Every structure is written in C-alpha cells, then in structure tokens.
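# Structure assessment
Below, each chain spelled out in residue letters.
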Amino acid sequence: MRLIVDGSGAADPTLVGHKFARQDVMRRAGMPVPAFFCLTGAAFAETAGAATAFPGLDAGTSELIAWASANRDRVRGGEAPAGLARRVLTAFDALAGADGLVAVRACVVATADGAGEDGADDPFAGLSDSYLYVGRDAVLARVVDCWASAYNPEAVLYRVRRGLDPAAVRVAVGVQRMVLGTRSFVAFTRDPRTGADRRVIAAAHGIGEGIVQEKADIDHFFVDGATGEIEVDAVAKTTMVGLDPERPGAGPVTLPVPADRAQAPVLSTAEVRELCALAVTVERLFGGPQDIEGTITADGEIHLVQARPVVLDHRAAGPEVPWTNHNLTESFPGLTSALTYSQACVFYEMGFTDFYRRMGVSAASLRRDRHHLRRMIGYLDGRVYYRLDAWFALHGRIPGFDLMRPLWERSLGLTERTGMPRERTGRPWPRVLRAAPRLALLLARQPRETAAFLRWWDAFVADSASLDGQTADELIVRYRHMWAEAERRWGTTMVNSYFGLAVMAVAGVLLGRWTRDGAALLPQLVSGGRANRTLAGVRSAIALAELVDGRASLRRAVLQQPEREAWDDIAAGRHGADVAEAFARHLARYGDRALHDLKLEVATPRQRPWMILSTLRPFVTQGLTVAGSEADERRAAAEARRTLRESCPNPARRAVIGVLVASLRFFVRAREDTRFCRSQLYGISRDVLWRLADRLVAAGLLDEAGDVAHLRVEEVLGAFDGTLPDAGLRELALRRKAELAAAADRPGLPAYFTTPAGVPVAGPVPRPDAAAAATVAGDGVLRGLASSNGRVRGRARVLLDAAVAPETCADRILVARETDPGWLPLMMVARGMVVERGSLVSHTAITGRLLGIPTVVAVAGAATLIPDGAPVEIDGGTGTVRLLSEAEFETLGE
C-alpha cells in the first residue's frame, strides 16, 4: 500500500486526486511547478478510519451538520502513525530543508471512473482545507487537519446536494515547497462565461489567496486570442495578502500594499504576454480550457501551483447586453409587480435626467440618449434588472467617469466582465480638468442644495398628509404635480451619491497608505455624527417602545392582543390621549417606511397603521432605549477615533483623514435622508393609486383593488383621463397576474447575465444551478465585504423575505440575500448581519454601522451555504463568516 508518493504514481488521480495529478503532469512537461510530495488517499483511510454511520442522503441539514462535525472532530483528535510521521518529516527535510516552509493542501481522490474534485465534471468544488507557510514543527498537525476537512460541514452538504456519499470520501494531502511570491494571478485560458478566445487574468500583489478569497485589490487583464490586444482594468491597490515578517507564525494575513506599487498595474505588458503563452501551453497539455493559479517571485520568475478545467457557458458568440440586479435588489427584491416597475421607470428616467444635467451633460446629449434613459431598468420574468449598456453609455457622458468606473462597478457589486462595454481609450484628464471648476462649484453647493431639497420635500409631504375626500381628478393632479416637481429636483440626491463615492475612494487610498489597518478602518470612522432620517425613525420607534414598556396595561395590549384590536384601542385614546398622539406623530413622519416600501403592491403603516406594533414588540421585550442607542453610537465613534490615533500617529495626516471622513459622513447621511424621501415619494404614489383602484373596482373594471398591481401607472391614470387604447383593464390585469404567479414557480435569474443584442428580450434566460455553484473557500470560511466592525457568534436566522415576526430574529445572526429599509425591525434585534448583496454604502452596511452590530455584505451564496439555525461566527472587521460545529459553539460560547 503506497502511503507517500513523490515521483512515480503522482500522476494517478485515484492515488493523489486530480489537483496534484495535474501538477505532476505539468512538471513532467517542464513547466515551472514547485516540488511536492503527496500522502495518498490510502494514508487517509489507514489513519482516519471509517466514518460513523451516515444518516443518509435524505437526512435534514442539522443532522448532516452534526454527523459531519462529529467525524471532523474525531479525525482532528487523532495523529499520524509514528512510522508515517517519520516518513513525512524525512520527505519535508528533503523538499524544503529543516527551516523551510511548505504549503499543505487537501484534495479528494478520484474514484475508479475518474470522478473527483478538480476533475472535468467537478472543477470547482474547493471544499478541502489548505494551509500556507507551514514549518516543520507544524506539518504533521496540518496534515491531520487536511484529513479532517473531508468532513467539513459545508463539504458534506455539498456532496449530499450532488447525490454523493460523504462517508466514502478519501483525501490525499499534498506538501509543496512554499514559493514566496510577491505577486499572484489566476488566469482563464478562455472567457469562462462565453468560451470566447480571450484570456482573462486577475492579478494582485501578495499571494493568490488574496485573489480567490477577494481579500486583495485586484487588477484584471483581458487579452484577445486573435489579435493579442490587451485590455487593462487596473484599480488603486491598498490591500494584499501575504506573510508578515513581524508575525511569521500568523500565516497569511492582510497587509497594506506599498505606496510605490499602489497605482501601476500588477503585471507589465510583457508579463501578461508571457502568462498568456504559458496558459496556452497548459490548455494544449490538458486538451481543454483551464483555470490556472500561480505566483511570481521578486526575480520575476513565474511558478504554477494549480490548473483545473473550466466549465464554459457555450452560448453563441456575438454582441451581448449585460444585465444585473446587484444592489438593485435592496429596492426591488424578488418578484415585482408591473405597477412598481412602471413607476420605477419614471423615477430612473426623471431622476437621472436631472442628475446628468447637473453634472454638465448637455441637453443635446440627453436628447440623443433618451432611448437609454427609458431603458435603464428592464423587467425580466417578473424581476427588475439594470440594463448595463444603457448605464455605461449615460454615465460615460460625465466628466471623470472613466476614472470613477472601477469604483462605481465595485459599489454595484460587479465583478463580472462578460458582455461589459469596454472602457474608453484615451486620456480622461483633459476633460476632467476642463470640467473641474464647475464640478468644484457643484460640490461646494451640495450642502445648500441638499438642504433646499429637503425643505421643499418636507413641505410637500406635510401638504399630502391626508388625501381623504379628494376626487379622482384631484388625486391625479396631485400625483402628476409631485412627479413634475421631482423631475427638476431629484438629481440633487444622485449628485450626493456620486461625490460620496469619490470621497470614499480617496479616503480608502489614504487610509491604506497612512494607517496600519488600511481601508478596513473606514466603516468604523463613518459612524457617528447627526442622525439621519432612517436612524431617527428607528429611535422614534424605540421611544414608542419605551412609552409602551412604562405602562402595564399598554404593554399587555401590545404584546398579547391581536395587532388590529390593540391598535384600535390606541388610536381611540383608550390608553391615554398622549399615547394616541405619540403614535400619530410617528405615523405621520415614518408611516411610509416598511418592508419592501418601494413596491407599490405592498402595504405600509400609512395604509395599515397597526403594522408598527409587530415592530415594537421585540423592542419592548428587550428593553431598548433611545439613550442606550445613542450611547452605543458614541462609544463606537470614540473607539474609531482611538483606533485612528493608534494606527496613524501623524497628526497632520489624521487631520486630512478627518476632513475626508466628515465629508463622507455628510454624503452618507444625505444619501440616507433622501432615500427616506424616496420612500415617501413612493408612499404618496401608492396612496393615490390604491384610492384610484377602489374606484376602478366600483366601476367594474377590476375584480379587486389588489389587481391594480398588475397594471402600469399610465394605464391606471389613463382609465380616468380617457387615454386608454381599450377598456380591457380587467383582462389585462388577470393575464399579468397569472404570468407573475408562473414566474414565482421558476428559479430566480442569476444576479448577472447577458442576452444577445438586437433580439427581443422575451425568451428564456439561462438559470445556472446557484446551489451547486455556491461554494465555501478552501479554509471553510465565507468571505465578503467588512462593513461594520465587531466579532460575534450566534445561530443563523436565514431569511429570503422579511415577512416574519421580529422576535424570531432576536439574538440571531441575520442571513439574507438582500435587504431594504423594511428590514430595520429585524436588524434592530439581531446580533449581526450577513447579506449576499451590497457594498460599503448599501443600506445594510450603513444600518449595521448605525446600530453598532457586526455586519458583512457581498457574501456570495450565504443564504444557500449557511443552514438556518447553524452556529456561525462573523467578523465585521475582516469580512469573514465561519460555520461552527456544535462542539465549537458550546466551547466558545456566544
């Protein structure tokens, strides 16, 4: 029985797995692969022993996790047999020397038919553990850890999902000489989405884990296979992953990129061409498209550490239209009605027309681009998507967008490149310099413009507090007047977002250069300052909860009575006139804020005021207070200032950072204030349209008022204006209602996809198996964007919709695909938040900082990979989410 191989046999995937077999093939072909040896799957079987009785492929998630955790702990508790241990150490000395370092990686070995991790049918699993910078004293322990990773809960769940027996798995362990690279790359020999003859390279300073775990700032290079033309998408680089000489025992850690390397592309043109030539050689060697990982040492030598097949999306080549709902699902999650979509079209066209006008885009350009303005968002299979070619065409008119584009893309959560419009060539600075005086004046006027906007809007809202008694014509006049006024004012809100993005970019770069903690410090520094309207709404609700908690009879009514019954008593003054007045004031100010409050088909407290009682209940039971909320925010702000002083001792630099942070805090507050105004804008529109719906029902044009959701706004108004081409509203609404119901039975579209250009966008769109594609990194940790500092453990509360009682989320880690302001009641009682979508300026991230709870956004596949009720640990400072075993959870505690 062969337990260790380092030459003959290393190319056999049934002994060492495809990962190491492919490396052996490459090194035998003369390619630059660091030396390694392998412990075969037989060594695992002999040492780890048989797993305990498997509960079966149909077992529940909790039972599977318990089985996996028990077996992982069982293997971790063992050690390599003495004879095998001696052979490993002897091989280590020959490979790296007694003082050398190695990488220790696990790989599931192939079955007799060749199936297995990194094989042609399963090239993306990546669920086994890897360890870097391992010394002689730790190598045996890391080998055992790799064996134990056969039973990582996420690996077991993944194999069960694919119909494989987790108990039959055997793990090989590769021990490879550690190459101390200064730069790393991942290269695809073909475009992984279209199969086009184009090399795609992602490169970063430091080691490759920074790329695959998205912890480093990454440059992208796209090389046309036919012409060799190179397209470079370079970013300002502040963060990398590597070995800290001052903490060599810490393994891979996040480090700042040296200032002299921050701006230049990670790879030179010559290096890109050399990598492409190497990639083509690897592709020919294995007879198909490959995903290659490697590192580059300080002397410029390239070393390959992995190659695996690429699964391609074999769609016809040709021009493509890119679509995404990254970030948009905060506003319009899931299925959305025709009424909401039509209103959103109006909002985007009128708001961005004013925005572009304010940014200096000429009236002539806006007329030429009117077709783009009318298709900024699309409606595909009942869901709302950005049409990105329109956005790039329109934003491209803004002076300086060429410089802002990478940051704007990241703010949307965009990492995909297929079908994306190419960046314009040429030098953007002359255009920026010509526009600089006007942009500087615009920036200086933003505080005043924002204040004027808020005064105008508050006056309009006060005048629209009650629409009772108004005729249909009066309602329509009010609606059209509101949107006509918004058309010439709402661009102010978008100017704030644009400048805020620019300030955030500058602040992130300077923090990366001047502080030890880098850009990760920014979310902490932004907290504090004057409360925005969203936070004011939360504190208003907490104040109501304090009022309820202080009166025994009112407390019993809110906690025990049916909501409608309790509300009727409150509104009638049966608990006191002061209580009725307090609730009325809250509703008048915050009654349009609710779950999915931009969806016109969804009710808010403006229509159903008793809804606020479900929000208050957990606040009452937890004893939350306004004073406590304010104190928590002050403590967080003080801690951020203390961290900045320690991380950046230079007072002049701190002053510059302070100015930028204050400016960013203004823009973040302005963004949240005006997002609140947007909720009210949609709230008044909802009130008007629902009242008109009642009249349509009375006239026999609709079966029920809720069917108005399946009409477009102009169809509703046209029924009263006399502008409809036909009177078949009832049939139209019923047909769309049935279509939306059918869409609900189909899987959701991916967050990013493309469609062929120039053809109707009405056919089926490819739907990849999201559950199979979502995986955990090799170290068993999910990674996203660090958004609100702090580390916390707890049980996951996985929600695809926020229509649950807030108390069910109390003291849980909230896990969701996306959130909107209506999730606030759930966020308020949660211990932490993990969300699949979002950015540093998304609602989730901002709310997490305001509430002072650890938050990680942009965690791909979180709602799929984290089972409901599973114990997890999240670190909002590093952006990591770790699934815990029950034993770990009990030992570590909450």
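Residues numbered from 1 in each chain as written. Predicted model: local features only at pLDDT ≥ 70, side-chain atom pairs only at ≥ 80, totals over all residues. Heavy atoms only, no water.

### Describing the overall build of the protein chain
The cut-off we apply is this: Here a strand is any run of E in DSSP of at least two residues, a helix any run of H or I of at least four, and the numbering for each starts at the N terminus. Put simply, the radius of gyration uses C-alpha atoms, and a globule should come to 2.2 Å times the residue count raised to 0.38. Only protein chains enter the accessibility calculation, which uses a 1.4 Å probe. A residue is then buried if its area is under 20% of the maximum for its type, exposed if over 50%, and partly exposed in between.
Helix and strand content of the protein chain: 31 helices and 25 strands. Compactness check: the protein chain gives a C-alpha radius of gyration of 29 Å against a globular reference of 29 Å for 894 residues, within 12% of the reference. With respect to the principal axes defined by its C-alpha atoms, the protein chain has extents near 90 × 65 × 65 Å. Taking all 894 residues of the protein chain together, the buried fraction comes to 57%.

### Regarding the packing of aromatic side chains
What counts here: Only rings of Phe, Tyr and Trp enter the pairing, Trp through its six-membered ring, and a pair is recorded when the two centres are within 6.5 Å. The plane angle decides the type: under 30 degrees is stacked, over 60 is edge-to-face, the rest tilted. Distance and angle both matter: a charge sits over a ring if NZ of Lys or CZ of Arg is within 6 Å of the ring centre and within 35 degrees of the ring normal.
In this structure the tally under the stated criterion is 33 aromatic pairs. Lying over the aromatic face of Phe36, Arg27 brings its terminal NZ or CZ to 4.2 Å of the ring centre. Over the face of the ring belonging to Tyr131 we find Arg142, whose NZ or CZ atom lies 5.4 Å from the ring centre.

### Quick look at helix 21 (residues 577-590)
One turn of the α-helix equals 3.6 residues, which is why residues spaced by three or four share an orientation. Worth spelling out the cut-off: The length a helix should cover is 1.5 Å for every residue beyond the first. Contacts are assigned to residue pairs with any non-hydrogen atoms lying within 4.5 Å of each other.
The terminal C-alpha atoms of helix 21 lie 20 Å apart, and with 14 residues this matches the ideal 20 Å at 1.5 Å per residue to within 8%. For helix 21, the secondary structure elements touched by its buried residues are helix 18 (533-549), helix 19 (552-560), helix 20 (563-571), helix 22 (612-622) and helix 24 (651-698).

### Brief notes about the sheet that holds strand 2 (residues 36-39)
Put simply, the test is: Strands are treated as partners if at least two bridges between them are detected by DSSP. To obtain each axis, a line is fitted to C-alpha atoms, and for helices this fit is confined to the stretch in contact; angles are then taken between N-to-C directions over 0 to 180 degrees.
The strand order 1-2-5-3-4 describes an open sheet built from five strands, whose pairing is antiparallel. In the strand order of this sheet, the two ends are held by strand 1 (4-5) and strand 4 (130-134), each with one partner. Sheet contacts for helix 4 (residues 82-96): strand 1, strand 2, strand 3 (102-108), strand 4 and strand 5 (171-177); angle to strand 2, the most-contacted strand, approximately 165 degrees.

### What to know about the sheet that holds strand 19 (residues 785-788)
A sheet is described by the order of its strands in space; here eight strands give the open sequence 18-25-24-20-21-22-23-19, paired in mixed fashion. Edge positions in the sheet fall to strand 18 (781-783) and strand 19, since each of these pairs with one other strand and no more. Looking at each pair of strands side by side, their axes are set apart by 30 degrees on average, direction ignored. Looking at chain direction, strand 20 (residues 791-799) and strand 21 (residues 813-816) are connected through four bridges and run parallel. Bridge pairing in strand 21 links Arg797 to Leu814.

### Some remarks on the pattern of salt bridges
Rule in force here: Note on definitions: salt bridges are taken to be side-chain nitrogens of Lys or Arg within 4 Å of carboxyl oxygens of Asp or Glu.
In this structure the tally under the stated criterion is 55 salt bridges. We note a salt bridge from Asp197 to Arg199, for which the minimum N-O separation is 2.7 Å. Arg199 sits in the buried class, given a relative accessible area of 10%. A salt bridge links Arg606 to Asp592, with the shortest nitrogen-to-oxygen separation between them at 2.7 Å.

### Concerning the pairing of strand 9 (residues 230-233)
Taking every second residue as pointing to the same face, the buried face of strand 9 carries Glu231 and Asp233, while none of Ile230 and Val232 on the other face is buried. As judged from the four bridges shared by strand 8 (residues 219-224) and strand 9, these two strands associate in the antiparallel manner. Residue pairing for strand 9: Val223 is matched across the bridge by Ile230. Counting the residues between successive antiparallel strands, the hairpin from strand 8 to strand 9 contains five residues, one of them, Gly228, with a positive phi of roughly 80 degrees.

### Topic: the nonpolar core
Using the following cut-off: As used here, the term nonpolar core means buried Ala, Val, Leu, Ile, Met, Phe, Trp, Tyr and Cys residues forming a set that is joined through side-chain atoms within 4.5 Å.
Membership of the largest hydrophobic core comes to 94 residues, with the highest contact counts inside it found for Tyr348, Tyr356, Trp457 and Trp490. For this core, the element with the highest residue contribution is helix 24, accounting for 17 residues. The residues touching Tyr348, leaving out its near neighbours within four places in the chain, are Leu328, Phe332, Thr353, Met376, Ile377, Tyr386 and Trp391.

### Considering the confidence of the model for the protein chain
So the rule is basically this: For every residue, the predictor states its confidence as a pLDDT score lying anywhere from 0 to 100.
With 90% of its residues at a pLDDT of 70 or more, the protein chain has an overall mean of 86. A low-confidence stretch, residues 767-775 (pLDDT under 50), is modelled with 20 contacts involving residues beyond four sequence positions or located in other chains.

### Concerning unusual backbone geometry
Positive phi values are uncommon outside glycine, yet Asp381 reaches one of about 55 degrees. Tracing the backbone shows Asp381 in the loop between strand 15 (377-380) and strand 16 (383-387). Judged by its relative accessible area of 23%, Asp381 falls in the partly exposed class. Notably, Asp811 is not glycine yet its phi reads approximately 60 degrees, a positive angle. Mapped onto the elements, Asp811 comes out in the loop between strand 20 and strand 21. Given a relative accessible area of 47%, Asp811 falls into the partly exposed group.

### Some details on the packing of helix 18 against helix 22
How we decide: The scheme is simple: roughly parallel for angles under 35 degrees, roughly antiparallel for over 145, roughly perpendicular for 65 to 115, oblique for anything else. Should the near helix be turned anticlockwise from the far one by less than a right angle, the crossing is left-handed, and should it be turned clockwise, the crossing is right-handed.
Two elements in contact, helix 18 and helix 22, have axes separated by 9 Å at closest approach and are oriented at 70 degrees. In terms of orientation, helix 18 lies roughly perpendicular with respect to helix 22. Between helix 18 and helix 22 the crossing geometry is right-handed. Contacts between helix 18 and helix 22 pair Ala541, Ile542, Leu544, Ala545, Val548 and Asp549 from the former with Ile612, Leu616, Phe619 and Val620 from the latter.

### A few points about the pairing of strand 10 (residues 239-243)
Summarising burial for strand 10: four of the five residues are buried, a large majority. One ladder, built from five bridges, connects strand 10 with strand 11 (residues 252-256); its direction is antiparallel. By the bridge assignment for strand 11, Thr239 is matched with Pro256.

### So, the packing of helix 15 (residues 472-487) against helix 24
The packing of two helices is summarised by the inter-axis angle and the distance between the axes. So the rule is basically this: Think of it as three bins: nonpolar holds Ala, Val, Leu, Ile, Met, Phe, Trp, Tyr, Cys and Pro, charged holds Asp, Glu, Lys and Arg, and polar takes everything else, Gly as well.
Close contact between helix 15 and helix 24 brings their axes to 10 Å; oriented N to C, the two are set at 155 degrees. In terms of axis orientation, helix 15 runs roughly antiparallel to helix 24. Every pair of crossing elements has a handedness; the one defined by helix 15 and helix 24 is left-handed. For the pair formed by helix 15 and helix 24, the contact residues are Ala472, Leu475, Ile476, Tyr479, Met482 and Trp483 on the first element and Leu681, Ile684, Ser685, Val688, Arg691, Leu692 and Arg695 on the second. Residues belonging to the contact of helix 15 with helix 24 are distributed by class as follows: 10 nonpolar, one polar and two charged.

### Details of helix 12 (residues 388-395)
By the criterion of burial, helix 12 is predominantly enclosed, with seven of the eight residues buried. Those residues of helix 12 hidden inside the fold are in contact with strand 14 (320-324), helix 9 (338-358), helix 11 (370-373), strand 16, helix 13 (401-411) and strand 17 (752-756).

### Points about the side chain of Gln446
Of note, Gln446 is situated in helix 14 (residues 429-463). If near-sequence neighbours (up to four positions away) are discounted, Gln446 is found in contact with Thr492, Val495, Asn496, Phe499 and Phe666.

### Digging into the environment of Leu696
One can find Leu696 in helix 24. Leu696 sits in the buried class, given a relative accessible area of 3%. Sequence separation between Leu696 and Pro756 is 60 residues, and the spatial gap between their C-alpha atoms is 40 Å.

### Notes on the side chain of Arg358
Threshold: Any pair of N or O atoms that falls within 3.5 Å is considered a polar contact. Within protein, one atom must be able to donate a hydrogen and the other to accept it, and sequence-neighbouring residues count only if both atoms are side-chain atoms.
With respect to the helices and strands, Arg358 occurs in helix 9. Residue Arg358 is classed as buried on the basis of its relative accessible area, which comes to 18%. There is a polar contact of 3.1 Å between the side chain of Arg358 and the side chain of Thr492. Not counting chain neighbours up to four residues away, the residues in contact with Arg358 comprise Arg438, Leu442, Glu449, Arg488, Arg489, Gly491, Thr492 and Val495.

### Focus: the environment of Ala390
For Ala390, the location among the structural elements is in helix 12. A residue is classified by how much of its surface remains accessible, and Ala390, at 0% relative accessible area, is buried. It is 8.7 Å that separates the C-alpha atoms of Ala390 and Asp369, two residues lying 21 residues apart in sequence. Ignoring anything within four residues of it in the chain, the contact list for Ala390 reads His372, Arg375 and Met376.

### A look at the environment of Arg199
For Arg199, the position within the fold is in strand 7 (residues 198-205). Spatially, the C-alpha atom of Arg199 lies 6.8 Å from that of Cys276, the residues being 77 residues apart in sequence. Aside from chain neighbours lying at most four places away, what touches Arg199 is Phe188, Thr189, Arg190, Phe221, Phe222, Val223, Gly225, Cys276 and Val280. A polar atom in the side chain of Arg199 sits 2.9 Å from the backbone oxygen of Thr189.

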